[in-house]
Amino acid sequence: GIQVEQSPPDLILQEGANSTLRCNFSDSVNNLQWFHQNPWGQLINLFYIPSGTKQNGRLSATTVATERYSLLYISSSQTTDSGVYFCAVGASSGSARQLTFGSGTQLTVLP
Amino acid sequence: EPEVTQTPSHQVTQMGQEVILRCVPISNHLYFYWYRQILGQKVEFLVSFYNNEISEKSEIFDDQFSVERPDGSNFTLKIRSTKLEDSAMYFCASSGGVGHSPLHFGNGTRLTVT
């Protein structure tokens, strides 16, 4: 099946700093989503971005499908941004629609 | 905005007991999913469901697991005889029918097997 690798696995920032999280995937995709898992374990959908660029406030994401990667940018980070960020992809091959998750990036923002 | 709702939010059960986790997907969605996340690990796919039957399932989804859509709104995951290693967060998700669309996740049910 499709492989999803996220980097870095851990990231520690001071409040106000910017960061870039990366997601590489091994095959063509028709779905790519970024999630933030909060301290209560809830998966908060950030972006549905199988290709192109989107922005939502301090967060933006870019997916270059032809090169099989996606980037999540967090600007002016806040302590509430802490948590695990997951990239999840849906492979184009076959009829399956489920997502395959990466291992996540654990982000800690220090005050 | 429509949401996927899951109940209960927490469930504690004894080893060997049956549990049923419940989900109400978004009303006009056609595809339904269950995922699980063991503490500290990544989110893993269990099963997808479409047109009243399982469309895909993972190796994790063995004979101890079953899914059902008993009526027009609920989607359930049953674990027949729970084991300690079934302790995890279980997420339900749904997605729309035309073309490819995002999956919408519920807030999860945290299952603890003692």
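(A) Spotlight on the interface of chain A and chain B. Opposite the 19 residues of chain A that make contact, chain B presents 22 residues. Considering only the side of chain A, the residues that lose the most area to chain B are R97, Q98 and F101 of chain A, jointly responsible for 38% of the buried surface there. There are zero salt bridges connecting chain A and chain B. Run the count over chain A and chain B and you get three residue pairs in polar contact (both at pLDDT 80 or more).

(B) View of the state of the cysteines. All names here are of chain A. Applying the stated criterion across every chain, the model contains two disulfides over all chains. Residue C23 pairs covalently with C87 via a disulfide, S to S 2.0 Å. Here the S-S torsion is close to -60 degrees, and the disulfide linking C23 with C87 is therefore left-handed. Of the two residues, C23 sits in strand β3 (residues 19-25) while C87 sits in strand β9 (residues 83-91), which places them 64 residues apart along the sequence. By the burial criterion, C23 is buried, and C87 matches it.

(C) Highlighting empty space enclosed by the protein. For the structure on display, the rule yields one cavity of 30 Å³ or more. Reported here for the largest cavity is a volume of approximately 30 Å³. Around the largest cavity, the lining residues are N30, N31 and R97 of chain A together with Y33, S95, H100, S101 and L103 of chain B. Of the residues assigned to the lining of the largest cavity, the class counts are two nonpolar, five polar and one charged.

(D) Geometry of the side chain of Q98 of chain A. Among the secondary structure elements, Q98 of chain A is positioned in the loop between β9 and β10 (100-101). Accessibility expressed as a relative area gives 16% for Q98 of chain A, which makes it buried.

(E) Here's a closer look at the packing of aromatic side chains. Counted by the stated rule, this structure contains 14 aromatic pairs over all chains. Taken together, a centroid distance of 6.5 Å and an interplanar angle of 40 degrees make the contact between Y33 of chain B and Y35 of chain B tilted. One aromatic cluster in this structure is built from F35, F86 and F101 of chain A together with Y33, Y35, F45, F91 and F105 of chain B. Seen from the ring of Y69 of chain A, R22 of chain A lies directly overhead, with NZ or CZ sitting 4.2 Å from the centre.

(F) Structural detail: the pairing of strand β6 (residues 52-56) of chain A. Residue and element names in this part refer to chain A. Summarising burial for β6: zero of the five residues are buried, a small minority. As defined by bridge partners, β6 adjoins strand β7 (residues 59-64) across five bridges and the pair is classed as antiparallel. Within the sheet, the bridge partner assigned to G52 lies in β7 and is T63. If you look at the hairpin formed by β6 and β7, you'll find two residues sitting between the two strands, and G57 has a positive phi there, around 65 degrees.

(G) Here's a closer look at the nonpolar core. Judged by nonpolar contacts, the single largest core of 23 residues is most densely connected at W34, L72 and V89 of chain A. The set of elements that each furnish at least two residues to this core consists of β2 (10-14), β3, β4 (29-37), β5 (43-48), β7, β8 (69-74), β9 and β11 (105-110) of chain A. With four residues, the top contributor of residues to this core is β9 of chain A. Those residues in contact with L72 of chain A, other than ones at most four positions away along the chain, are S19, T20, L21, W34, L46, F47, S60, A61 and Y85 of chain A. Within the second largest apolar cluster, 21 residues are counted, among which are V4, L21, I26 and W34 of chain B.

(H) Fine view of the sheet that holds strand β8 (residues 75-79) of chain B. Residue and element names in this part refer to chain B. Here four strands make up an open sheet; going across it, the order is β1-β3-β8-β7 and the pairing antiparallel. For this open sheet the edge positions go to β1 (5-7) and β7 (65-68), each flanked by a neighbour on one side alone. Taken over all neighbouring pairs, the strand axes of this sheet differ in orientation by 20 degrees on average, direction set aside. Two strands pair when backbone bridges link them, and strand β3 (residues 19-24) and β8 are joined in this way by five bridges, in the antiparallel orientation. Of the residues in β8, the one forming a bridge with I20 is K78.

(I) Region of interest: the sheet that holds β7 of chain A. Residue and element names in this part refer to chain A. Here we have five strands laid out as an open sheet, ordered β1-β3-β8-β7-β6, and antiparallel in their pairing. Here the strands that pair on one side only, and so sit at the sheet edges, are β1 (4-7) and β6. The average angle at which neighbouring strand axes cross in this sheet is 15 degrees, direction not considered. In the sheet, β3 pairs with β8 via six bridges, with the strands oriented antiparallel. Paired with C23 across the strands is S70, a residue of β8.

So, how was this worked out
Residues numbered from 1 in each chain as written. Chains lettered and ligands numbered in written order. Predicted model: local features only at pLDDT ≥ 70, side-chain atom pairs only at ≥ 80, totals over all residues. Heavy atoms only, no water. Contact = heavy atoms within 4.5 Å. Buried area = accessible area lost by both parts, 1.4 Å probe. Salt bridge = Lys/Arg side-chain N within 4 Å of Asp/Glu carboxyl O. Polar contact = N/O pair within 3.5 Å; in protein donor to acceptor, adjacent residues only side chain to side chain. Disulfide = S-S within 2.5 Å. Helix = DSSP H or I, 4+ residues; strand = E, 2+ residues; numbered from the N terminus. Buried < 20%, exposed > 50% of the residue type's maximum accessible area, 1.4 Å probe, protein only. 1 Å grid on protein atoms, 1.4 Å probe; cavity = no way out; pocket = protein on both sides within 12 Å on 5 of 7 lines; lining within 4 Å. Points joined across faces, edges and corners; volume = space filled by probe spheres on them. Nonpolar A, V, L, I, M, F, W, Y, C, P; charged D, E, K, R; others polar. Phe/Tyr/Trp six-rings, centres within 6.5 Å; stacked < 30°, edge-to-face > 60°. Lys NZ or Arg CZ within 6 Å of the ring centre and 35° of its normal. Pairing = 2+ DSSP bridges. Core = buried A, V, L, I, M, F, W, Y, C linked by side-chain atoms within 4.5 Å. Axes fitted to C-alpha atoms, helices over the stretch in contact; angles between N-to-C directions.

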